[in-house]
Amino acid sequence: MNTTVPRTGNDADADPDEWHAASADAVLESLGTDREGLSGEAARERLEQYGPNRLPPPARRGALRRLLAQLHNVLIYVLLGAAALTAALAHWVDTGVILGVVVVNALIGFLQEGKAEHALQAIRGMLSPAATVLRDGERASVDAETLVPGDVVLLESGDRVPADLRLLEVKGLRIDEAVLTGESVPIDKAVEPVAATAALGDRFDMAWSGTLVTAGRGRGVVTATADRTEIGRISSMLTRVTTLTTPLLRQFERFGRWLTGGILALAGGTFAFGILVRGFPYTDMFLAAVGLAVAAIPEGLPAIMTITLAIGVQRMARRNAIIRRLPAVETLGSVTVICTDKTGTLTRNEMMVQSVATSRSYYEVTGSGYRPRGDFLLDGHRVDPAGRPLLADLLRAALLCSDATVSDVDGVWRVQGDPTEGALVALAMKAKLDPAAESRALPRTDVIPFESEHRFMASLHHGDDGSGSLFVKGAPERLLDMCSEQESERGTEPLDRDYWERRVEEISACGQRVIALAARSTGPDHRRLTLGDVADGLVFMGLFGLADPPREEAIQAIERCQAAGIRVKMVTGDHVSTATAIGRLVGIAEDGDSITGQELEQLDGAALAERIDRTSVFARTSPAHKLRLVEALQSRGQVVSMTGDGVNDAPALKRADVGVAMGRKGTEVAREAAEMVLADDNFASIASAVEEGRIVYDNLKKAIIFILPTNGGEAFTLIAAIVLGFALPITPVQILWINMVTAVTLALALAFEPAERGVMTRPPRRSDEPLLSAYLLWRTVFVSLLLVAGTIGLFVLERSAGAGIEAARTVAVNALVIFEVVYLVNCRLLYDSAFSRRLLRGASYSLGAIGLVVLLQLLLTYTAPLQFLFDTRAIGPNEWLRILAVAGLVFLLVELEKVVVRHLRTDAAS
């Protein structure tokens, strides 16, 4: 027991990278403590010095500031201006609709904000609430917040590690560190120092705060608490990470500024022209300018964008991708690089024996995870293990020398116990061995549990006749030292160590973890096992190659992504050999196409940027490495999606353009830091989400390519009338009617459109691609002129035939709406011809919208209340025939324009 404070004072943990490289005694001396822990007085003094072992809460913005921040957007300013203009015209219903759009958008942003704060809260929730320590030389349970550097903590199976510890004693201690390192299996802990340059996952003499003890027990001294722990560093990193805005929001901001300036200039110029050139009264021109601005503002566009994104969210949810932040739907469509975790995303996160080697044969094993169904293949041909004595004996020994159980839980096969042992049990069950029956036939008498010091487990069994069998499984190099013979078909023979070492290399090269098994017979009186019983004289039986196999659907999804021009990179905390092997199997890596986190640290910014383009596998990475990789890719103009499930992934998830967390096996921290959560933890769902994201963007483009020309047609109709000196063909109140009717019907129908042809065979769009492209600008002008010509032409025709101004305006209003109806059909396929059977696919929404618009126009034209409100008159069949004839001409001219554009695009591509 020690009552002194650390000699290094408040800087006792100033260089935490050195604790794992120092001996346990040296660490104790540096921290001013001993193996019996601190006194109560010393602990209280250090608590005042270091503060409580908890992470500081993040700074939060008030609810009002968060809500007002949602209004800081140019397009919102345009909408507010539109509301003011409609209010100036005393059209309160339209003012209310526009303000409703603003409020809905603000509320959506308000509710979606705060994911970083939630992630930090989730991290704090991962810290252990209690700890068992030695205080005043006695075992005591204390609040984990009171732990201080120098405290000696006792660990047992099931405990959550309460602080960063340098281990002093271990007894079969295994800790699941997946949340920090991404390691797919629990880590065997030791007390011997490791190299100062060892990666986080290779620091076997350390236990990290927030990780989980899965087996054994141990004792360690606290080296860091609160935000000085590894998990605390990640929390601090999260507070510093800047969340990027999405490409769509950046484009909308630029588009909003352009639109605002253009509308104001257009309205002002028209106002001046009417007064100075045409000599119209100020009042008339003011109302005309207001009407022009109202016509030009696409007040329904933000609502259409929100609804289109929301529909994308629903579609993605049906494909196991849950969106937490609405704009991420569209961002997925522009992703150019997917940085994916390995364990559970590309693989099943279930250990499985994939190969078995005996002294004469090498078998491949098929199947899926822990499900005890599969075949044993010898030279590609299926064999029955029962007819292969060496194989059958090896499988039976592995089953008896394992403590795990495998069972069917609600249709899913799960392991209770160590995943490696679970894989061996499932393997034996594939050979039709019954664990219960084998245990009854040869019950266990004694056991030496696995411990990292000796790197094996041994079990002793006795049959009904009293004969004993001793089985040992563990690291191949360790068991080879304990064996002098090997099992063969003729009994036993001298050990061929070179053969087994070659087999180990072959299996390891496939990215598989190798487990060896040995045995020997013993007598009926041998009832207790000691280390001396297994020190030598064993018979080597065989090898097992285990791996977390890749998902078949993930392999197919990677092919789809690559066909879509998206590069897939694996970023994992696993060993480089394992990561590279899986990378080869899923089709994203070749030999030499990998780099470790330690190698990354040696590269400066320029070297990393150059290396990152030609590397697909990043292994043994830390949270800082993952964050640096995402930032390096973004600096090269890439739109990055990052997947992850652990605390170690949270900073990179937050920084990525689209962070993707695992829903089943991921931590709450990862889910809160991400924009999207995979309900099935499957990479294939990412590819599906990318496809849906591209569909969403296509439908947004269709909505924009529909709304802008129709709004332009309305605005330029007013301008043309003023320039030509005509009476206005459409009044401002009639324009508001058209905008309201078409925005909530025709434009909205485009949000439900199915995928365009080849949506996943074209490259991702550039993140800096403007929302208003040259083609969209041309289409807006072209269609606007068609609508202007048709509307004014019919208006002039009616006036020349003697119709009154109200009747002529009724024809003009209906003509403009019918033109928009036929133009909707043009827009359903962006570039392809509307004269196609593909146009019938998913047409129900468009047909419903067209039917509703036609009904509303009939009500506008023929019902007295609407005639009174909008100053319309009933029109006859001849007028409708002329409207439909001109609408058909508009439709054909737009289709002709699409033919020309297709030819130009084909010529440009060739």
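Further up the page is the structure itself.
Okay, so let's go over this structure.

Quick notes on the rules
- Residues numbered from 1 in each chain as written.
- Predicted model: local features only at pLDDT ≥ 70, side-chain atom pairs only at ≥ 80, totals over all residues.
- Heavy atoms only, no water.
- 1 Å grid on protein atoms, 1.4 Å probe; cavity = no way out; pocket = protein on both sides within 12 Å on 5 of 7 lines; lining within 4 Å.
- Points joined across faces, edges and corners; volume = space filled by probe spheres on them.
- Nonpolar A, V, L, I, M, F, W, Y, C, P; charged D, E, K, R; others polar.
- Pairing = 2+ DSSP bridges.
- Helix = DSSP H or I, 4+ residues; strand = E, 2+ residues; numbered from the N terminus.
- Axes fitted to C-alpha atoms, helices over the stretch in contact; angles between N-to-C directions.
- Contact = heavy atoms within 4.5 Å.
- Parallel < 35°, antiparallel > 145°, perpendicular 65-115°, else oblique.
- Buried < 20%, exposed > 50% of the residue type's maximum accessible area, 1.4 Å probe, protein only.
- Salt bridge = Lys/Arg side-chain N within 4 Å of Asp/Glu carboxyl O.
- Patch = residues over 30% accessible without salt bridge, like charges linked within 9 Å, V, L, I, M, F, W, Y side chains within 5 Å.
- Areas by Shrake-Rupley, 256 points an atom, 1.4 Å probe, with all protein chains shown as cover.
- Expected span 1.5 Å × (residues − 1).
- Core = buried A, V, L, I, M, F, W, Y, C linked by side-chain atoms within 4.5 Å.
- Phe/Tyr/Trp six-rings, centres within 6.5 Å; stacked < 30°, edge-to-face > 60°.
- Lys NZ or Arg CZ within 6 Å of the ring centre and 35° of its normal.

So, about empty space enclosed by the protein. On inspection of all chains with the given rule, the structure shows four cavities of 30 Å³ or more. Computed from the structure, the second largest cavity encloses a volume of approximately 70 Å³. Taken together, Lys702, Glu753, Pro754, Ala755, Glu756, Arg828, Leu829, Arg838, Leu839 and Arg841 make up the lining of the second largest cavity. A class-by-class count of the residues in the lining of the second largest cavity yields four nonpolar, no polar and six charged.

Taken in spatial order, the eight strands line up as 8-28-27-26-9-23-25-24 in an open sheet, and their pairing is mixed. Unpaired on one side and paired on the other, strand 8 (321-323) and strand 24 (594-596) mark the two borders of the sheet. Strand-to-strand twist across the sheet, computed as the mean angle between neighbouring axes with direction ignored, equals 20°. As paired elements, strand 9 (residues 337-340) and strand 26 (residues 640-644) share three bridges and run parallel to each other. By the bridge assignment, Ile338 is partnered in strand 26 with Ser641. Strand contacts of helix 21 (residues 605-613): strand 23 (567-571), strand 24 and strand 25 (617-619), with the helix running at about 115° to strand 23, the strand carrying the most contacts.

One way to put it is that helix 21 packs onto helix 22 (residues 623-635) with a least axis distance of 10 Å and a crossing angle of 80°. As far as their axial angle goes, helix 22 and helix 21 are roughly perpendicular. Facing helix 21, whose interface residues are Gly605, Leu608 and Ile612, helix 22 presents Arg628, Leu629, Ala632 and Leu633. Class assignment for the residues of the contact of helix 21 with helix 22 results in five nonpolar, one polar and one charged.

Moving on: the pairing of strand 3 (residues 152-156). Strand 3 sits mainly inside the fold: four of its five residues count as buried. Bridge count between strand 3 and strand 7 (residues 212-224): five bridges; the pairing is antiparallel. By the bridge assignment for strand 7, Val152 is matched with Val221.

This part covers the pattern of salt bridges. Overall, the coordinates contain 38 salt bridges when judged by the stated rule. A salt bridge links Glu177 to Lys189; the shortest N-O distance between them is 2.5 Å. Residue Glu177 is located in the loop between strand 4 (164-176) and helix 7 (178-181), and its partner Lys189 is located in the loop between strand 5 (187-188) and strand 6 (206-207); the two are separated by twelve residues in the primary sequence. Like Glu177, the residue Lys189 is buried in the burial classification. In this structure, the salt-bridge partner of Asp393 is Arg396, at a minimum N-O distance of 3.9 Å. In this pair, Asp393 and Arg396 are both assigned in helix 13 (residues 389-400), three residues apart and thus about one turn of the helix distant. What emerges from the salt-bridge pattern is a single network uniting Arg319, Arg560, Glu691 and Glu692.

Moving on, we get to a nonpolar patch on the surface. Residues Leu889, Leu893, Leu896, Val899, Val900 and Leu904 make up a contiguous nonpolar surface patch of roughly 500 Å² in combined accessible area. Here Leu896 shows up in helix 31 (residues 877-909). Judged by its relative accessible area of 51%, Leu896 is exposed.

Its 13 residues place the ends of helix 22 18 Å apart at the C-alpha level, agreeing with the 18 Å of an ideal helix rising 1.5 Å per residue. The set of residues buried in helix 22 consists of Pro623, His625, Lys626, Leu627, Leu629, Val630, Ala632, Leu633 and Gln634. Directly beyond the C-terminal end of helix 22, a positive phi value near 85° is found at Gly637.

On to unusual backbone geometry. At Asn320, a residue that is not glycine, the phi angle is positive and equals roughly 70°. Among the secondary structure elements, Asn320 is positioned in the loop between helix 11 (301-318) and strand 8. By relative accessible area, Asn320 is classed as partly exposed at 32%. Of note, Lys432 is a non-glycine position whose phi angle comes to about 70°, a positive value. With respect to the helices and strands, Lys432 occurs in the loop between helix 14 (419-430) and helix 15 (435-441).

One finds Phe706, Leu746 and Ile883 to be the most contacted residues of the largest nonpolar core, which totals 69 residues. Per-element tally for this core: the top contributor is helix 28 (residues 805-827), with 14 residues. Aside from chain neighbours lying at most four places away, what touches Leu746 is Phe706, Glu820, Val821, Leu824, Ala849, Ile850 and Val853. Within the second largest apolar cluster, 45 residues are counted, among which are Met316, Met570, Met676 and Ile695.

Centre distance and the angle of the planes are the two values used to describe a pair of aromatic rings. Under the defined criterion, the tally for this structure stands at eight aromatic pairs. Between Tyr775 and Tyr831 the ring centres are 5.7 Å apart and the planes differ by 45°, which places this aromatic pair in the tilted class. Remark: Tyr831 occurs in the loop between helix 28 and helix 29 (844-862) and Tyr775 occurs in helix 27 (residues 774-800); sequence separation between them is 56 residues. Of the two residues, Tyr775 and Tyr831, both sit in the buried class. Between Trp778 and Phe782, the aromatic rings sit 5.2 Å apart at their centres with planes inclined by 25°, giving stacked as the arrangement. Taken together, the positions of Trp778 and Phe782, both in helix 27 and four residues apart, correspond to about one turn of that helix. Residue Phe782 is classed as buried on the basis of its relative accessible area, which comes to 19%. Ring-pair connections join several aromatic residues into one group, and the members of that group are Tyr499, Trp500 and Phe540. Taking the ring centre of Phe450 as reference, the NZ or CZ of Arg174 above it sits at 4.5 Å.

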